Amino acid sequence: MRFKDLSQLKRPKPLIITLGSLPQHILMAKYARDKAFKISERVGVIFEKSFEWYGFTLANNDHPELITDIGLPQNDLNLQDYTTLGSQRIAEFQESLPEDVLINGWIHSHGDLNYRHFSNTDEKNHLTVLDFVSARTRKPLAKKEIAIQNLVLLEKDRFVEKDLEKGSISLITDGPITEAKIMETVYGSFCYSIVIGDKGWHEQEIHCREGGILSGHTTVRSQAAKIEFVDTGRALSQSDISALSNEVEKKIKPHTDPPPEMIERM
Ligand SMILES: [Zn+2]
């Protein structure tokens, strides 16, 4: 027998059944958007200069894909052009949140710089945030067949030790069977990243991690994403704004004389 080309030698495709999907674009409440830009404005007013700041995008447990609010943690260090983020800070902030609120990403400002994309530092921060939030945003995406070469089927109490030497995987069942498919759950999790500027621009990405529970195979990918602003009926009130001013004053730490090693930047 002759093959026309090697593609005919391919093994049959594994069976995949879709169970769910990760977000393809970002949903954000207008309230959260307005709050983010208000933080930048307050930073400018209070410190009389524009500084980078970072916060977390928050969602409710029953709809993890919709950003309903912005959480402002104690910022470690706010330079004019550098913001760094540690997992310790994320953990502390998550603990301060009500039970039904989760972090689904992070947001930061590039102040008045016209640097409208994510920096190398930002890329590292994405992964730190994804690592931290993935347990909360995780959901089953698919059941996928694991192709096992040399699967050996054995019957409980009817095999001997020698039988276990055969095959790559042994499946022991309580009755005689002749065929078996092993399907693993592929879980996916995501986090959002948004960067904004004082002039009103914003850029955003979705970061996704997918992994098979049995094969341990994991992939991570990032994609630029559209953002859809949703009216949730909540608007930034005058008292929200004065509370936010107090928060900004307490939590943002402008640092105008950074040690040299911190200026590795964008
Ligand atoms: Zn940045």
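Relevant structure appears above.
What you see is a predicted model, and the numbers here were worked out from it, not measured in a lab.

Q: Help me get a handle on the overall build of the chain, residues and values and all.
A: Looking only at helices and strands, the chain has four helices and 13 strands in total. Looking at the chain as a whole, 39% of its 266 residues are labelled buried.

Q: An account of the coordination of the zinc ion is needed here, citing residue identities and associated values.
A: Those protein atoms acting as donors to the zinc ion are His108 (NE2), His110 (NE2), Asp122 (OD) and Asp122 (OD), and they sit at 2.0 to 2.5 Å. One way to put it: the four donor atoms around the zinc ion meet at angles of 56 to 166°, and that makes the site irregular. Considered as a linear motif, the donors of the zinc ion on their single chain read H-x1-H-x11-D. Of the two residues, histidine 110 sits in the loop between strand E6 (101-109) and helix H3 (120-137) while aspartate 122 sits in helix H3, which places them twelve residues apart along the sequence. Like histidine 110, the residue aspartate 122 is buried in the burial classification.

Q: Account for helix H1 (residues 30-47), with residues named and values stated.
A: Across its 18 residues, H1 extends 26 Å between first and last C-alpha, which sits within 8% of the 26 Å expected from 1.5 Å per residue. Taken together, the buried positions of H1 are Tyr31, Ala32, Lys35, Ala36, Lys38, Ile39, Ser40, Arg42 and Val43. Here the buried face of H1 lies against strand E2 (26-29), strand E4 (66-67), strand E5 (69-71), E6, strand E10 (183-196) and helix H4 (238-251). In the stretch just after H1, glutamate 48 is the one whose phi turns positive, near 55°.

Q: Now, about the sheet that holds E2: what can you tell me, with residues and values included?
A: If you walk across this open sheet you meet the three strands as E4-E2-E13, and the pairing is parallel. The open sheet has two edge strands, E4 and strand E13 (227-230), and neither has a second partner. Bridge analysis of E2 against E13 gives four bridges, and the strand direction is parallel. Each residue of the ladder has a partner; that of methionine 28, found in E13, is phenylalanine 229. Most of the contacts of H1 go to E2, to which it runs at about 75°, and overall it touches E2, E4 and E13.

Q: Kindly report on the layout of surface pockets, identifying the contributing residues and their values.
A: Computed from the structure, the largest pocket encloses a volume of approximately 330 Å³. If you trace the largest pocket, you find 16 residues lining it, with Pro14, Lys144, Glu145, Ile146 and Ala147 closest to the centre. For the lining of the largest pocket, the secondary structure elements donating two or more residues are strand E7 (139-145), E10 and strand E11 (202-212). Top element by residues in the lining of the largest pocket is E11. It accounts for three residues. Tallied by class, residues from the lining of the largest pocket come to five nonpolar, five polar and six charged. By volume, the second largest pocket amounts to about 170 Å³. Taken together, Glu145, Ile146, Ala147, Ile148, Leu151, Leu153, Thr178, Glu179, Ala180, Lys181 and Ile182 make up the full set of residues lining the second largest pocket. Across the lining of the second largest pocket, the residue classes tally to seven nonpolar, one polar and three charged.

Q: A description of the nonpolar core should follow, citing residues and the corresponding values.
A: Of all hydrophobic cores here, the largest spans 25 residues; its most connected members are Met28, Ile39, Trp53 and Ile107. Elements with a contribution of two residues or more to this core: E2, H1, E10, E11 and H4. Leu58, Leu97, Trp106 and Val129 belong to the second-largest nonpolar core, a separate cluster that totals 14 residues.

Q: How would you explain the packing of aromatic side chains if you had to name every residue and give the values?
A: What characterises a pair of aromatic rings is the spacing of the ring centres plus the angle enclosed by the ring planes. As enumerated under the stated definition, the model contains three aromatic pairs in all. Seen in terms of ring centroids, phenylalanine 56 and phenylalanine 93 are 5.3 Å apart; in terms of plane orientation they differ by 35°. Their pairing is tilted. Of this pair, phenylalanine 56 sits in strand E3 (residues 54-60) while phenylalanine 93 sits in helix H2 (residues 87-96), and the two are 37 residues apart along the sequence. For phenylalanine 56, a relative accessible area of 0% corresponds to the buried category. Centroid distance phenylalanine 190 to tyrosine 192: 5.1 Å. Interplanar angle 50°. Geometry classified as tilted. Judged on exposure class, the residue phenylalanine 190 and its partner tyrosine 192 are both buried.

Q: Which residues make up unusual backbone geometry, and what values go with them?
A: Positive phi is not limited to glycine here, since asparagine 150 has a value of about 75°. Within the secondary structure layout, asparagine 150 lies in the loop between E7 and strand E8 (151-155). Asparagine 150 sits in the exposed class, given a relative accessible area of 56%. The phi torsion at aspartate 157 lies on the positive side, around 65°, for a residue other than glycine. Counting through the fold element by element, aspartate 157 comes out in the loop between E8 and strand E9 (169-173). The exposure class of aspartate 157 is exposed, given its relative accessible area of 72%.

What counts, and where the lines are drawn
- Residues numbered from 1 in each chain as written.
- Predicted model: local features only at pLDDT ≥ 70, side-chain atom pairs only at ≥ 80, totals over all residues.
- Heavy atoms only, no water.
- Helix = DSSP H or I, 4+ residues; strand = E, 2+ residues; numbered from the N terminus.
- Buried < 20%, exposed > 50% of the residue type's maximum accessible area, 1.4 Å probe, protein only.
- Donors = N, O, S within 2.8 Å, 3.2 Å for Na, K, Ca; no water.
- Tetrahedral: all angles 85-135°; square planar, octahedral: opposite > 155°, others 65-115°.
- Expected span 1.5 Å × (residues − 1).
- Contact = heavy atoms within 4.5 Å.
- Pairing = 2+ DSSP bridges.
- Axes fitted to C-alpha atoms, helices over the stretch in contact; angles between N-to-C directions.
- 1 Å grid on protein atoms, 1.4 Å probe; cavity = no way out; pocket = protein on both sides within 12 Å on 5 of 7 lines; lining within 4 Å.
- Points joined across faces, edges and corners; volume = space filled by probe spheres on them.
- Nonpolar A, V, L, I, M, F, W, Y, C, P; charged D, E, K, R; others polar.
- Core = buried A, V, L, I, M, F, W, Y, C linked by side-chain atoms within 4.5 Å.
- Phe/Tyr/Trp six-rings, centres within 6.5 Å; stacked < 30°, edge-to-face > 60°.

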